[in-house]
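Examining the three-dimensional arrangement
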Amino acid sequence: MAAGVAAWLPFARAAAIGWMPVANLPMPVAPTDKNKCQDELIVLNVSGRRFQTWRNTLDRYPDTLLGSSEKEFFFNEETREYFFDRDPDVFRSILNFYRTGKLHYPRYECITAYDEELAFFGIIPEIISDCCYEEYKDRKRENAERLMDDLEDSKDSKLPNMTFRETMWRAFENPHTSTMALVFYYVTGFFIAISVITNVVETVPCGSTPNQRDIPCGERYTVAFFCMDTACVMIFTVEYLMRLFAAPSRYRFMRSVMSIIDVVAILPYYIGLVMTNNEDVSGAFVTLRVFRVFRIFKFSRHSQGLRILGYTLKSCASELGFLLFSLTMAIIIFATVMFYAEKGSASSKFTSIPASFWYTIVTMTTLGYGDMVPKTIAGKIFGSICSLSGVLVIALPVPVIVSNFSRIYHQNQRADKRKAQKVQKARLARMRISKTGSSNAFLHSKRNGMLNQALELTQLPYRMKISDQSSTGEKRHLNKTTSIIESQHHHLLHCLEKTTNHEFVDEQLFEQSYLESGLQTFPSRSPSLSSREGITGTCCSRRAKKSSPPPNATHTHTLTHPHKHNLQELSAIHIQCGEQQTLNTSRSSLNMMQDESASLNCKSSSQVTTAIISIPTPPTNNSPCSPETPTNPPSNSSAGVVKVSAL
Amino acid sequence: MQVMELLAVAVVILLFFMILKQFGLWEPLSLDDSSDGGLELYVVRHQPEGLEELQSQTQFSRKELQSLYRGFKNECPSGLVDEETFKSIYSQFFPQGDASTYAHFLFKAFDTNRSGSIRFEDFVIWLSVLLRGSVTEKLRWAFNLYDINKDGLITREEMMAIMKSIYDLMGRYTSPSLREDVSREHVDRFFQKMDRNGDGVVTMEEFIEACQKDEEIMSSMQLFDNVI
């Protein structure tokens with residue numbers, strides 16, 4: 001429940017009077033607000049800068065430092081103010097959190113300083129509101145990665161006890177680790193270059209012999225080129241085999257892109273060796289040589305920029321796909337139009353629609369070779385429209401690709417898309433948690449019998465007041481963590497339950513019981529049934545003493561165990577922000593957290609000690625509560641009735 | 001081909017007109033709403049009457065009014081609550097259910113002058129009635145709430161609607177789970193108790209009389225007296 005809405009709670013409770021005339025059962029007693037002293041201003045002195053606020057404002061979040069009695073430790077008797085020796089600038093955001101219910105992260109703050117302040121004041125960072133949350137997470141991630149980079153650099157020093165195979169793999173992956181690796185790196189690079197140049201020079205026409213036309217160098221100096229090729233291929237083969245040997249997971253290595261490039265680069269040579277003499281396949285053999293040009297891709301191991309380019313193209317696959325699709329559409333449209341426009345003119349080159357494809361592509365990409373030109377007026381008009389639209393269609397997705405490249409280049413190859421998906425999922429999870437948080441709080445407080453506790457609850461002891469009667473330390477501890485607003489809200493929900501004669505139930509329990517009981521609705525039986533199997537232990541013995549364990553407890557169920565255990569695992573230091581269902585973001589459930597840690601050995605959900613449980617079917621509107629009391633723990637209900645009339 | 005040439009010329013003319021429109025030289029059939037500009041929003045603000053008048057109209061003390069207004073203003077800075085805001089505020093108290101229908105009925109009950117928004121004065125006057133008023137006044141207010149069309153009679157249909165909206169507040173996850181006809185049964189019980197002469201409608205007198213006879217209801221009316 002948002003803090004600001006707490007101001008409307010009196011209004012909602014007053015509106016509950018509308019339920020009274022139609023209620024089935026008597027209403028539970030309202031929690032009293034013993035400490036009805038007027039709201040006062042308190043002064044918070046943070047390193048000399050004084051902040052003032054109402055006491056109620058701070059009480060909205062009782063599980064933080066400022067909202068609980070923990071701030072009493074900082075109270076300065078002489079000056080009658082609370083002194084904190086912390087950063088006043090960050091304190092501004094923290095105080096605004098109490099005032100408005102939203103925690104903002106100021107961009108100019110250092111992320112670690114901000115985190116420390118939040119930790120000190122007991123506020124968990126998950127509460128940061130949506131407007132600032134992305135920024136906060138980004139900065140945090142950057143920081144973590146920077147730390148990790150530093151860690152990796154320091155880790156790069158020689159680790160002892162690495163096998164020969166591991167050393168070799170490390171040498172291959174990071175050439176800077178040893179001199180041998182560096183030498184190997186440069187040698188392979190050199191040979192890649194040689195191989196590529198050889199392939200290129202092979203086809204250049206060398207000087208002509210007197211009797212023939214120019215022949216390419218490859219045919220003139222066959223032996224020399226063949227030796228070069230062999231040498232390069234041998235080096236590449238050796239390198240590939242060594243990498244294969246050193247790879248930690250050979251299967252994964254063989255599937256990686258680089259190794260496929262390696263294989264494709266050297267295979268033509270071996271295939272060529274095998275089938276030299278067959279004339280028929282020599283044509284195919286010649287074509288195979290084309291694949292030798294793939295050796296140039298081996299350079300990508302040596303160049304970071306090439307890898308980034310490849311990754312960019314891969315990550316822009318959707319934009320490229322869109323570009324291709326829109327171009328195809330436009331080409332077909334314009335080719336058709338041009339064909340029909342030029343059909344009339346004689347000696348037109350636009351012989352068919354596919355023939356016009358070439359014209360359209362050349363025009364749209366603004367190449368304009370001029371081998372096909374429209375001659376009719378209509379053709380010229382449509383041709384100009386074609387070229388104008390081509391500029392637009394191609395120009396639109398290009399900036400996206402460019403910006404992608406620059407972003408990736410600057411961020412150095414992080415998997416951004418995966419990150420975006422995770423953030424979105426986490427955000428949805430957070431919103432869902434905050435919604436279920438407040439309803440869960442009510443259910444938990446029901447289980448803990450907090451509703452009847454409301455009778456004895458005093459207001460938050462501002463001055464560490466010892467409650468006189470029946471004050472055990474733990475009880476006081478419990479009192480501390482339930483704010484009056486919480487108890488009033490729960491009382492409101494309890495009234496609704498009484499009005500409709502149905503009870504709120506946890507989602508999991510509902511599903512479970514729905515599955516089990518099918519369509520069977522015997523409300524008179526089910527509570528007692530569940531009580532039989534559900535009584536696994538009472539929570540705090542004090543409560544059990546006060547209310548003899550009611551025979552018809554509601555849905556205490558072993559299913560809630562894992563849920564509660566999760567709550568239990570959260571330490572009192574709220575920094576430990578787990579992932580999903582730790583109910584971190586809801587304040588009322590933060591309240592519950594403190595409860596769990598307070599009631600230390602609370603193993604299971606206790607019974608609901610609310611006196612008047614659903615006696616379902618007999619309509620007992622008119623009769624007062626007397627027929628029901630015998631079945632109920634008498635102490636609570638009678639105590640309740642007495643208190644009401646005393647009011 | 002002749003046809004293609006005609007087509008080409010037509011396309012050229014069309015493009016020509018499009019360019020003209022860009023320059024704003026020619027508006028064919030433009031409706032004159034765009035010229036005014038779309039920025040029509042004006043923020044309604046309302047300042048409440050002074051503290052003294054409110055003190056005289058309600059039964060709250062000065063300090064109580066002050067703290068009430070602070071909370072009110074925090075949530076509704078403009079000083080007015082419209083129905084959507086009211087629904088959203090009310091829904092926050094009932095996270096498991098759907099509070100919109102009941103909030104709608106409440107809003108209609110509070111917004112006496114049908115202005116569509118609740119001012120702070122209305123808010124505080126109703127609160128005074130509900131929290132500090134006599135039981136009869138509260139019963140009157142409850143009757144007003146149930147009487148949706150404000151004709152002085154509660155019919156079965158009105159009561160069904162109200163009951164359904166109350167059960168909507170519970171949501172889905174209840175124990176025992178909500179059956180289809182549970183609200184009808186509840187309405188039947190209500191009419192059985194309230195409708196003296198059995199004519200199928202409940203008038204104000206019948207309602208107040210029946211409630212005054214029921215001690216449970218009378219005592220629960222006093223439940224919220226100490227809220228502020």
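Residues numbered from 1 in each chain as written. Chains lettered and ligands numbered in written order. Predicted model: local features only at pLDDT ≥ 70, side-chain atom pairs only at ≥ 80, totals over all residues. Heavy atoms only, no water.

Thoughts on the overall build of chain B
Inclusion rule: Secondary structure elements are defined from DSSP: runs of H or I of at least 4 residues count as helices, runs of E of at least 2 residues count as strands, and each element is numbered from the N terminus. Burial status follows relative accessibility: with a 1.4 Å probe on protein chains alone, a residue under 20% of its type maximum counts as buried, one over 50% as exposed, and anything between as partly exposed. In what follows, residue pairs with any heavy atoms lying within 4.5 Å of each other are defined as contacts. Here the Shrake-Rupley method, with its probe set to 1.4 Å, supplies the accessible areas, and only the displayed protein chains count as covering residues.
Check the secondary structure of chain B and you find 11 helices and five strands. Out of the 228 residues in chain B, the part that is buried amounts to 42%. For chain B, the share of sequence-separated contacts (at least 6 apart) that also reach a separation of at least 24 residues comes to 60%. Summed over its atoms, the accessible surface of chain B is roughly 12300 Å², and 55% of this surface lies on carbon and sulfur atoms.

What to know about the overall build of chain A
Scanning chain A from terminus to terminus reveals 27 helices and five strands. Element-wise, carbon and sulfur atoms account for 63% of the exposed surface of chain A, whose accessible area totals about 33500 Å².

Details of the nonpolar core
Grouped burial of nonpolar side chains is what soluble globular proteins tend to show. This is how the line gets drawn: In this description, a nonpolar core means a group of buried Ala, Val, Leu, Ile, Met, Phe, Trp, Tyr and Cys residues linked to one another through side-chain atoms lying within 4.5 Å.
Counting 78 residues, the largest nonpolar core has Trp 8 and Trp 19 of chain A together with Tyr 90, Phe 94, Met 159 and Phe 207 of chain B as the members making the most contacts within it. At eight residues, helix α6 (residues 120–132) of chain B tops the list of elements feeding residues into this core. Phe 51, Leu 58, Tyr 61 and Ile 128 of chain A belong to the second largest nonpolar core, which has 29 residues in total.

Details of the pattern of salt bridges
All names here are of chain B. Note the following rule: Each reported salt bridge corresponds to a side-chain nitrogen of Lys or Arg within 4 Å of a carboxyl oxygen of Asp or Glu.
Inspection of every chain in the model, using the stated rule, returns 24 salt bridges over all chains. Across the pair Arg 132 and Glu 64 runs a salt bridge whose closest N-O atoms are separated by 3.1 Å. With Arg 132 in helix α6 and Glu 64 in helix α3 (residues 62–75), this residue pair connects regions lying 68 residues apart in the sequence. With its nearest N and O atoms 3.4 Å apart, the salt bridge here joins Lys 213 to Glu 209.

Section: the interface of chain B and chain A
Quoted interface sizes are often the accessible area lost when the parts come together. Put simply, the rule reads: Buried area counts how much accessible surface, traced with a 1.4 Å probe, disappears from two parts once they are put together, with both parts' losses summed. Identification of polar contacts relies on pairs of N or O atoms within 3.5 Å, with a donor-acceptor requirement for protein atoms, meaning one able to donate a hydrogen and the other able to accept it, and with residues adjacent in sequence counted only if both atoms are side-chain atoms. Each residue is assigned to one of three groups, with Ala, Val, Leu, Ile, Met, Phe, Trp, Tyr, Cys and Pro labelled nonpolar, Asp, Glu, Lys and Arg labelled charged, and all others, Gly among them, labelled polar.
Taken together, the 68 residues of chain B in the interface contact 75 residues of chain A. For the pair chain B and chain A, the summed buried area comes to about 6200 Å², and 70% of that belongs to carbon and sulfur atoms. Counting the surface chain B buries against chain A, the share from its top three residues, Phe 93, Tyr 173 and Phe 224 of chain B, is 12%. On inspection of chain B and its partner chain A, the count reaches zero salt bridges. Put simply, chain B and chain A have four residue pairs in polar contact (both at pLDDT 80 or more) between them. Take the side of chain B that touches chain A: its biggest share by element is seven residues, from helix α1 (residues 2–22) of chain B. Looking at the side of chain B that touches chain A residue by residue, the class counts come to 47 nonpolar, 10 polar and 11 charged.

Describing the packing of helix α21 (residues 484–500) of chain A against helix α8 (residues 156–170) of chain B
Defined as follows: Here an angle of 0 to 180 degrees is reported between the N-to-C directions of two axes, which are lines fitted to C-alpha atoms, with helices fitted over the stretch in contact. Put simply, angles under 35 degrees are roughly parallel, angles over 145 are roughly antiparallel, angles from 65 to 115 are roughly perpendicular, and the rest are oblique. It is the rotation of the near helix from the far one that decides the hand of a crossing: anticlockwise by less than a right angle makes it left-handed, clockwise makes it right-handed.
With their axes 10 Å apart at the nearest point, α21 of chain A and α8 of chain B run at an angle of 130° to one another. When the axis of α21 of chain A is compared with that of α8 of chain B, the two are oblique. Two packed elements cross with a definite hand, and for α21 of chain A against α8 of chain B that hand is left-handed. Note on element contacts: α8 of chain B touches α21 of chain A through Ile 166, Tyr 167, Leu 169 and Met 170 of chain B, opposite Leu 496, Glu 497 and Thr 500 of chain A. Its residues assigned to classes, the contact of α21 of chain A with α8 of chain B comprises five nonpolar, one polar and one charged.

Some thoughts on unusual backbone geometry
Residues and elements named next belong to chain A. A positive phi angle, close to 50°, is found at Ser 347, a residue other than glycine. Positive phi, normally seen in glycine, also occurs at Thr 366, with a value near 55°. If you trace the backbone, Thr 366 turns up in the loop between α15 (353–364) and α16 (377–395).

Some words on the side chain of Glu 121 of chain B
All names here are of chain B. As a reminder, the rule being used: We treat Lys and Arg as the positive residues and Asp and Glu as the negative residues; His and chain ends play no part in the count.
By the element assignment, Glu 121 lies in helix α6. With no salt bridge to any partner, buried Glu 121 finds its closest opposite charge in Arg 119, at an N-O distance of 4.1 Å. Among all residues touching Glu 121, those that are not within four sequence positions of it are His 46, Gln 47, Pro 48, Glu 49 and Leu 54.

Quick notes on the sheet that holds strand β1 (residues 41–46) of chain A
Residue and element names in this part refer to chain A. In plain terms, the rule: In this scheme, strands are said to pair when DSSP sees at least two bridges between them.
The four strands lie next to each other as β2-β1-β4-β3, forming an open sheet whose pairing is mixed. Edge positions in the sheet fall to β2 (49–54) and β3 (75–76), since each has one partner strand and no second. As judged from the three bridges shared by β1 and strand β4 (residues 81–84), these two strands associate in the parallel manner. Across the sheet, the residue bridging to Asn 45 is Phe 83, located in β4.

Things to note about a nonpolar patch on the surface
Rules: Each patch is built from salt-bridge-free residues with over 30% relative accessible area, joining like charges within 9 Å and nonpolar side chains (Val, Leu, Ile, Met, Phe, Trp, Tyr) within 5 Å.
Together, Val 9, Ile 13, Phe 16, Phe 17, Ile 19, Phe 23, Leu 25 and Trp 26 of chain B line one region of the surface with nonpolar side chains, adding up to about 860 Å² of accessible area. Checked against the element boundaries, Val 9 of chain B lands in helix α1.

Some remarks on α15 of chain A
All names here are of chain A. Going by this rule: Any helix carries an expected span of 1.5 Å times its number of residues minus one.
Here α15 spans 16 Å end to end across 12 residues, near enough to the 16 Å set by a 1.5 Å rise per residue. Considered for burial, the residues of α15 that qualify are Ser 356, Tyr 359, Thr 360, Val 362, Thr 363 and Met 364. Against α14 (317–342) and α16 lie the buried residues of α15. Just downstream of α15 lies Thr 366, where phi reads positive at about 55°.

Considering the pairing of β1 of chain A
Burial of β1 of chain A is extensive: five of the six residues sit out of reach of the surface. Following β1 of chain A, the chain reverses through two residues before pairing antiparallel with β2 of chain A; Ser 47 of chain A in that reversal takes a positive phi of roughly 50°.

What to know about the packing of aromatic side chains
For the record, the criterion: Ring pairs shown here join Phe, Tyr and Trp side chains whose ring centres sit within 6.5 Å, with only the six-membered ring taken for Trp; geometry is labelled stacked below 30 degrees between planes, edge-to-face above 60, and tilted in between. Whether a charge lies above a ring is judged from NZ of Lys or CZ of Arg, which has to be within 6 Å of the ring centre and within 35 degrees of the ring normal.
One pass over the structure, following the stated rule, counts 46 aromatic pairs over all chains. Between the aromatic rings of Phe 74 of chain A and Phe 120 of chain A, the centroid separation amounts to 5.9 Å while the plane-to-plane angle is 65°, which identifies the pairing as edge-to-face. One end of the pair, Phe 74 of chain A, is in the loop between α2 (55–58) and β3; the other, Phe 120 of chain A, is in helix α4 (residues 111–120), and 46 residues separate them in sequence. Taken together, Trp 19 of chain A together with Phe 86, Tyr 90, Phe 93, Phe 94, Tyr 102 and Phe 107 of chain B form an aromatic cluster joined through their ring pairs. Positioned over the ring face of Phe 120 of chain A is Arg 86 of chain A, at 4.1 Å from the centre of the ring. Directly above the ring of Phe 191 of chain B sits Arg 156 of chain B, whose terminal nitrogen or CZ lies 4.8 Å from the centroid.

Digging into the packing of α6 of chain B against helix α7 (residues 135–146) of chain B
Residue and element names in this part refer to chain B. Packing of α6 against α7 leaves a shortest axis separation of 8 Å and a crossing angle of 120°. In terms of their interaxial angle, α6 and α7 are classed as oblique. Contacts from Trp 126, Val 129 and Leu 130 of α6 reach α7 at Glu 137, Lys 138 and Trp 141. Partitioning the contact of α6 with α7 into residue classes produces four nonpolar, no polar and two charged.

Looking at the environment of Thr 365 of chain A
Residues and elements named next belong to chain A. Looking at the element boundaries, Thr 365 is found in the loop between α15 and α16. Between the C-alpha atoms of Thr 365 and Leu 388, which are 23 residues apart in sequence, the distance is 9.7 Å. For Thr 365, the side chain forms a polar contact with the main-chain oxygen of Val 362, separated by 3.5 Å.

With respect to helix α6 (residues 164–173) of chain A
Residue and element names in this part refer to chain A. Put simply, the test is: The arc under discussion is defined with respect to the helix axis, by the directions toward the C-beta atoms.
Considered for burial, the residues of α6 that qualify are Met 168, Ala 171 and Phe 172. For α6, the angular spread of buried residues about the axis comes to 100°, placing them on one side. Lining the buried residues of α6 we find α7 (179–202) and α9 (222–246).

Observations regarding the confidence of the model for chain B
Residue and element names in this part refer to chain B. Spelled out, the test is: Scored from 0 to 100, pLDDT records how confident the predictor is in each individual residue.
Within chain B, residue pLDDT values average 81, and 91% of them lie at 70 or more. Mean pLDDT values for the elements of chain B range from 75 in strand β4 (residues 174–175) up to 87 in α1. Scored as a complex, the prediction yields pTM 0.47 and ipTM 0.73.

Considerations on the pairing of β2 of chain A
Inspection of the sheet shows β1 of chain A paired to β2 of chain A by six bridges, in the antiparallel sense. Opposite Ile 42 of chain A, over in β2 of chain A, you have Thr 53 of chain A as the bridge partner.

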